[in-house]
Amino acid sequence: DTGVSQDPRHKITKRGQNVTFRCDPISEHNRLYWYRQTLGQGPEFLTYFQNEAQLEKSRLLSDRFSAERPKGSFSTLEIQRTEQGDSAMYLCASSPLATFFATQYFGPGTRLLVL
Amino acid sequence: QQQVKQSPQSLIVQKGGISIINCAYENTAFDYFPWYQQFPGKGPALLIAIRPDVSEKKEGRFTISFNKSAKQFSLHIMDSQPGDSATYFCAAFEETSGSRLTFGEGTQLTVNP
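Only a predicted model underlies this, so the values are computations on that prediction, with no experimental measurement involved. Along each chain, the written sequence defines residue order, and numbers are assigned to residues from 1. Both sets of labels track the order of writing: A upward for chains, 1 upward for ligands. In keeping with the model being predicted, local features are shown solely for residues with a pLDDT of at least 70 and side-chain atom pairs are shown and tallied solely at 80 or more, while totals for entire chains, interfaces and linings include all residues. Excluding hydrogens and water, the side-chain values take into account all heavy atoms of the structure.

K.L.:
Give me the overall build of chain A: which residues, what numbers.
P.N.:
Strands are runs of DSSP state E lasting at least two residues, helices are runs of H or I lasting at least four, and both sets are numbered from the N terminus onward. What chain A contains, in helices and strands, is zero helices and eleven strands. In chain A, the succession of α and β elements from N to C terminus is β-β-β-β-β-β-β-β-β-β-β. For the radius of gyration, the atom set is restricted to C-alpha positions; the globular benchmark scales as 2.2 Å times the number of residues to the power 0.38. What you see for chain A is a C-alpha radius of gyration of 13 Å, in line with the 13 Å of a compact globule of 115 residues. Taken over the C-alpha atoms alone, chain A extends approximately 40 × 30 × 25 Å along its principal axes. The buried share among the 115 residues of chain A stands at 48%. Taking contacts inside chain A between residues at least 6 apart in sequence as the whole, the part at least 24 apart equals 53%. Note on classification: 1.4 Å probe, protein chains only; a residue is buried when its accessible area is under 20% of the maximum for its type, exposed when over 50%, partly exposed between these limits. The contact criterion used is simple: two residues touch if any of their non-hydrogen atoms lie within 4.5 Å.

Below you can see the structure in the form of structure tokens.
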């Protein structure tokens, strides 16, 4: 299966701890996106990369959040000093470059629970 | 603020029936409207999409109807099957604002056998 993969699938942490999630996009997809999905809501955009460059960040991405895509392949999303409000599903998606809309292919997500 | 509003929140349909999910948007700069289907434990997957210069698009049992003047669009699932039971999200995309998708709140569809 060459779809988007995310690791871990589930993470339980205590408030104040740091957590890091990994996303492996579909190979050769230039764009990589992070979304957050809370229970009963649609995904909310956090940030996206084109190759290794982080081109856009949502205001939802507070200074406790940082994302990287160091070699334009996999990406990591780190949350420092986690809060209970960070509990959510974190979704990664990737897409090829396109002149207009390119289908974003989503991974299965990492479910975070902050106690 | 919620830029894309979706209804109903949940929907129960009998097998063979028609499922209808509605969405409304405010931002007239949106220029592409995809629908995503999400099964439990999976990420959303693109189902069907439409541009605002088209009033209807059909793919198999799935049809999008688009009303640009009312800023509304809807997904119709004909001959609904139990395997269609999932959460459906409408979304909107604005080319000039980058690559973000703006999603509705989702509709949990249950198709009873």
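K.L.:
Which residues make up the interface of chain B and chain A, and what values go with them?
P.N.:
Facing 24 residues of chain B, the contacting portion of chain A comprises 24 residues. By buried area we mean the combined loss of accessible area, with a 1.4 Å probe, across both parts when two parts are placed together. Both sides of the chain B and chain A interface together cover about 1,800 Å² of buried area, and 55% of this is carbon and sulfur. Ranking the residues of chain B by area buried against chain A places B:Ser99, B:Arg100 and B:Phe103 at the top, with a combined share of 29%. Any Lys or Arg side-chain nitrogen found within 4 Å of a carboxyl oxygen on Asp or Glu counts as a salt bridge. Put simply, chain B and chain A have one salt bridge between them. Here B:Arg100 and A:Glu56 are joined by a salt bridge, their closest N and O atoms 2.8 Å apart. We call two N or O atoms a polar contact when they sit within 3.5 Å, provided that within protein one can donate a hydrogen and the other can accept it, with sequence-adjacent residues counted only if both atoms are side-chain atoms. The interface formed by chain B and chain A contains five residue pairs in polar contact (both at pLDDT 80 or more). Lys, Arg, Asp and Glu make up the charged group, whereas Ala, Val, Leu, Ile, Met, Phe, Trp, Tyr, Cys and Pro make up the nonpolar group; the residues left over, Gly among them, are polar. When grouped by side-chain class, the residues that make up the side of chain B that touches chain A number nine nonpolar, nine polar and six charged.

K.L.:
Account for the pairing of strand 5 (residues 45-50) of chain B, naming residues and giving values.
P.N.:
Residue and element names in this part refer to chain B. A pair of strands is labelled paired if DSSP reports no fewer than 2 bridges between them. For strand 4 (residues 33-38) and strand 5, the ladder comprises five bridges, and the chain directions are antiparallel. Residue pairing across strands places Phe 33 opposite Ile 50, the latter belonging to strand 5. Hairpin remark: strand 4 followed by strand 5, antiparallel, with six residues in the connecting loop; positive phi at Gly 41, about 80 degrees.

K.L.:
Please set out the sheet that holds strand 7 (residues 65-68) of chain A residue by residue, giving values where relevant.
P.N.:
All names here are of chain A. The four strands lie next to each other as 1-3-8-7, forming an open sheet whose pairing is antiparallel. Of all strands in the sheet, those bounded by a partner on one side alone are strand 1 (5-7) and strand 7. Here the average twist between neighbouring strands, direction ignored, is 15 degrees. Strand direction decides the pairing type here: strand 3 (residues 19-24) and strand 8 (residues 75-79), joined by five bridges, are antiparallel. Considered in strand 8, the bridge of Phe 21 is made with Leu 77. Interaxial angles span 0 to 180 degrees and are taken between N-to-C directions of axes, which are lines fitted to C-alpha atoms, for helices over the stretch in contact.

K.L.:
Explain the environment of A:Asn18 to me, using residue names and the numbers behind them.
P.N.:
Residues and elements named next belong to chain A. Looking at the element boundaries, Asn 18 is found in the loop between strand 2 (10-13) and strand 3. Of the residues examined, Asn 18 reaches a relative accessible area of 44% and is grouped as partly exposed. Sequence spacing of Asn 18 and Leu 61 is 43 residues, and the spatial spacing of their C-alpha atoms is 15 Å. Excluding its chain neighbours within four sequence positions, the residues that come into contact with Asn 18 are Glu 78, Ile 79, Gln 80 and Arg 81. Within the local environment of Asn 18, its side chain forms a polar contact with the backbone nitrogen of Arg 81, the two atoms lying 2.8 Å apart.

K.L.:
Give me the sheet that holds strand 8 (residues 72-77) of chain B: which residues, what numbers.
P.N.:
Sheet strands pair via backbone hydrogen bonds, and the direction of the pair is either parallel or antiparallel. All names here are of chain B. Judged by pairing direction, the sheet is antiparallel, and its five strands sit side by side in the order 1-3-8-7-6 without closing on themselves. The sheet is open, and its two edges are formed by strand 1 (4-7) and strand 6 (56-59), each paired on a single side. The average undirected angle you get between the axes of adjacent strands in this sheet is 15 degrees. With six bridges connecting them, strand 7 (residues 62-67) and strand 8 associate as antiparallel partners. When the sheet's bridge partners are listed, Ile 64 is paired in strand 8 with Leu 75.

K.L.:
Describe the environment of B:Gly17, and please don't skip the residues or the numbers.
P.N.:
All names here are of chain B. Turning to its location among the elements, Gly 17 is positioned in the loop between strand 2 (10-14) and strand 3 (19-25). Exposure remark for Gly 17: the relative accessible area of 21% places this residue in the partly exposed category. As a C-alpha pair, Gly 17 and Met 78 span 61 residues in sequence and 6.6 Å in three-dimensional space.

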